[in-house]
Amino acid sequence: MRIKRLLRLLLPGLVPELVDRMRPAERVYFGPRWPRDLQEGWDDATTEAAMRRNWPTIADRIAGAEALSMLPYKSEQPDLTAHNMLFTFLFVLARAAHRRDRLSVLDWGGALGHYGLVARRLLPEVTFDYVVKEMETNCRLGAELNPGVEFVSSDDACFARSYDVVVANGSMHYVEDWKLIATRLAAAARGWLLINCQPIVRRVASYVVVQRLRSQGYQGDFYSHVLNRDELIEHFKGCGFALEREVMSWGVVPYKGAPEDTTGAGFLFKRL
């Protein structure tokens, strides 16, 4: 009887833990280099469906007065990382808009352009020329759901001009040649450059990870760089920018097998 009673007390806590341990890891270390012949994970039908499903809630929250703690693909539960990203972005816009009433912004990898809605809602005194560079699928969906933002699918098209503010929110690390994109982002920024929600390490060299977010309904494999902090900063210094402020996006996020756990950081650079 004592054993049965003990099992009744222990099993409710043990079963969820056992299930978690049996489930395949969703965040895994891949290696020091990018995989060959990679198919883009974000260009997946499940990604488009998730963003379409969440858009009405996101638009309503931006139009109202609730906390801005939602992601394009997840709006059901408050997300502290999303909140940090958005208010870091607004801080940068406020700096750039000092004594100005008009700003041009490039949001590279900006999903459906909800940052543009946030900018216009919370900084109504400023007129925004807002451009989002995205994959063709997201551009089509964004143009349908958020027509007040300009969407372009070509890097050549978005980099054909310069902008007062250039932003990459959780996007630069998803491309194979991150240094090429970083250089082009810097060249397009007349004054301010924000690299936000970037996974970093401090003690080891940059490496590649893969996310398989099956618990969130995605079927794609999302590969990305975890960048060494000093390497990232030195690259942008070489592009003619100084680090104005480093911010925190999230705390420690481990990837199975990685040589060092990641943290999420943002970096605001100002042209010299």
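Just so it is clear, the structure is predicted and the values come from calculations on it, not from any experiment.

*Asks:* What should I look at first to understand the overall build of the protein in this one?
*Replies:* For the protein, the count of helices and strands is eight helices and ten strands. Looking at the 272 residues of the protein, the share that counts as buried comes to 48%. Taking the intrachain contacts of the protein between residues at least 6 apart in sequence as the baseline, contacts between residues at least 24 apart amount to 72%.

*Asks:* I keep staring at the nonpolar core and nothing clicks. Help me out?
*Replies:* A general feature of soluble globular proteins is that nonpolar side chains tend to end up buried together. The biggest cluster of nonpolar side chains holds 37 residues, and the ones touching the most others in it are F89, L93, L103, V105, F128, Y130 and V165. The dominant element in this core, judged by the number of residues it contributes, is helix α3 (residues 80-96), at seven residues. Not counting chain neighbours up to four residues away, the residues in contact with L93 comprise L103, V105, A119, L123, F128 and V165. Counting residues in hydrophobic clusters, the runner-up holds 28 residues, among them V131, V152, W178 and F267.

*Asks:* Explain helix α7 (residues 178-188) to me, please; I cannot follow it from the model alone.
*Replies:* What α7 keeps buried is the set W178, I181, A182, L185, A186 and A188. Angular distribution of buried residues about the axis of α7 spans 165°; they occupy a single face of the element.

*Asks:* Please clarify how the packing of aromatic side chains should be interpreted in this entry.
*Replies:* When we look at a pair of aromatic rings, we describe it by the centre distance and by the angle of the planes. Under the defined criterion, the tally for this structure stands at five aromatic pairs. Relative to Y207, the ring of Y29 has its centre 5.2 Å away and its plane inclined at 70°; by these criteria the two rings are edge-to-face. Of this pair, Y29 sits in strand β1 (residues 27-31) while Y207 sits in strand β7 (residues 207-211); the two residues are 178 residues apart in sequence, bridging distant segments of the chain. Considering the side-chain rings of F267 and F269, the 6.4 Å spacing of their centres and the 25° angle between planes classify their relative orientation as stacked. Of the two residues examined, F267 and F269, each falls in the buried class.

*Asks:* Explanation requested: the pairing of strand β5 (residues 163-169) in the structure shown.
*Replies:* It is a general feature of regular strands that their side chains alternate between the two faces of the sheet. β5 sits mainly inside the fold: seven of its seven residues count as buried. Pairing geometry for strand β2 (residues 102-108) and β5, over three bridges, is parallel. Bridging from a neighbouring strand, L106 pairs with V166 of β5. Pairing geometry for β5 and strand β6 (residues 189-201), over six bridges, is parallel.

Cut-offs and rules
Starting afresh in each chain, residues are numbered from 1 along the sequence in its written order. Only residues with pLDDT of 70 or above have their local features reported here, since the model is predicted, and side-chain atom pairs are shown and tallied only from 80 upward, although totals for entire chains, interfaces and linings are computed over all residues. In computing side-chain properties, one takes all heavy atoms of the structure into account and sets aside hydrogens as well as water. Secondary structure counts use DSSP, requiring at least four H or I residues in a row for a helix and at least two E residues in a row for a strand, with both numbered from the N terminus. Residue burial is assigned from relative accessible area. The probe radius is 1.4 Å, only protein chains are included, and a residue is buried under 20% of its type maximum, exposed over 50%, and partly exposed in between. We call two residues in contact when some of their heavy atoms are within 4.5 Å. Among buried residues, those of type Ala, Val, Leu, Ile, Met, Phe, Trp, Tyr and Cys that are joined through side-chain atoms within 4.5 Å constitute a nonpolar core. Taking the helix axis as origin, the arc is that swept by the directions to the C-beta atoms. Note on aromatic contacts: the rings of Phe and Tyr and the six-membered ring of Trp form a pair at centre separations within 6.5 Å, being stacked when their planes are under 30 degrees apart, edge-to-face when over 60 apart, and tilted otherwise. The rule for pairing is simple: two strands pair if DSSP sees at least two bridges between them.

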